[in-house]
Structure formats: structure tokens, C-alpha cells
Amino acid sequence: MHQRAAEARAIAVEAELAELDRLRRFLIRERTLGHTRPLIDAIDDYVEQITGDRTALHAKNHKCG
């Protein structure tokens, strides 16, 4: 019973992360709209709450140096 609930929760979180990623990418592309940084930060805050990783939606292939 608990395993099914955990699996259902994992699927729901995955779907929610996909939608948040889509919204976050849109906001990053549309920086000309202004005031998008607070929205991006709010998305990152929420992602951190549900995954424990604030950078879960950040580009993984982006390297510095």
C-alpha cells in the first residue's frame, strides 16, 4: 500500500517538475518581459521544497571554466 502511494507521488512530482521546467525555460527565454527573475527564483524555491535540490531544473550540460 505504501509502495503504491510512493510510486504515485513520484509520478506526480515528475510531472510537476516537467511543467515547472517548461515554465522556467519560457521565463528565461522571455527576459525582455521584465520582472522574470523573481518568478524563476520562486520556481527554484518550490523545486527545492519538493526535491531537496534547488538546481534540479538547471541546465546540467552548462559548464564554467
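As a reminder, the structure under discussion sits directly above these lines.
All values derive from a computational prediction rather than experimental measurement.

(A) Quick peek at the overall build of the protein chain. Along its length, the protein chain carries two helices and zero strands. Counting only residues that meet the buried cut, the protein chain has 20% of its 65 residues in that class. Residue pairs at least 24 apart in sequence account for 37% of intrachain contacts in the protein chain once pairs closer than 6 positions are excluded. As displayed, the protein chain offers around 5400 Å² of accessible surface, 56% of which is attributable to carbon and sulfur atoms.

(B) Layout of the environment of D45. Here D45 is to be found in helix α2 (residues 37-51). On the basis of relative accessibility, which here comes to 38%, the residue D45 falls in the partly exposed class. C-alpha of D45 to C-alpha of T55: the two residues are 10 residues apart in sequence and 9.4 Å apart in space.

(C) α2, seen in detail. Its 15 residues place the ends of α2 21 Å apart at the C-alpha level, agreeing with the 21 Å of an ideal helix rising 1.5 Å per residue. Taken together, the buried positions of α2 are occupied by I40, I43, D44, V47 and I50. One side of α2 carries all its buried residues, which in axial view fall inside an arc of 130°. Exposed residues on α2 whose side chains face more than 90 degrees from its buried face are P38 and Q49. If you follow the buried residues of α2, they end up packed against α1 (2-29).

About the cut-offs
- Residues numbered from 1 in each chain as written.
- Predicted model: local features only at pLDDT ≥ 70, side-chain atom pairs only at ≥ 80, totals over all residues.
- Heavy atoms only, no water.
- Helix = DSSP H or I, 4+ residues; strand = E, 2+ residues; numbered from the N terminus.
- Buried < 20%, exposed > 50% of the residue type's maximum accessible area, 1.4 Å probe, protein only.
- Contact = heavy atoms within 4.5 Å.
- Areas by Shrake-Rupley, 256 points an atom, 1.4 Å probe, with all protein chains shown as cover.
- Expected span 1.5 Å × (residues − 1).
- Arc of directions from axis to C-beta.

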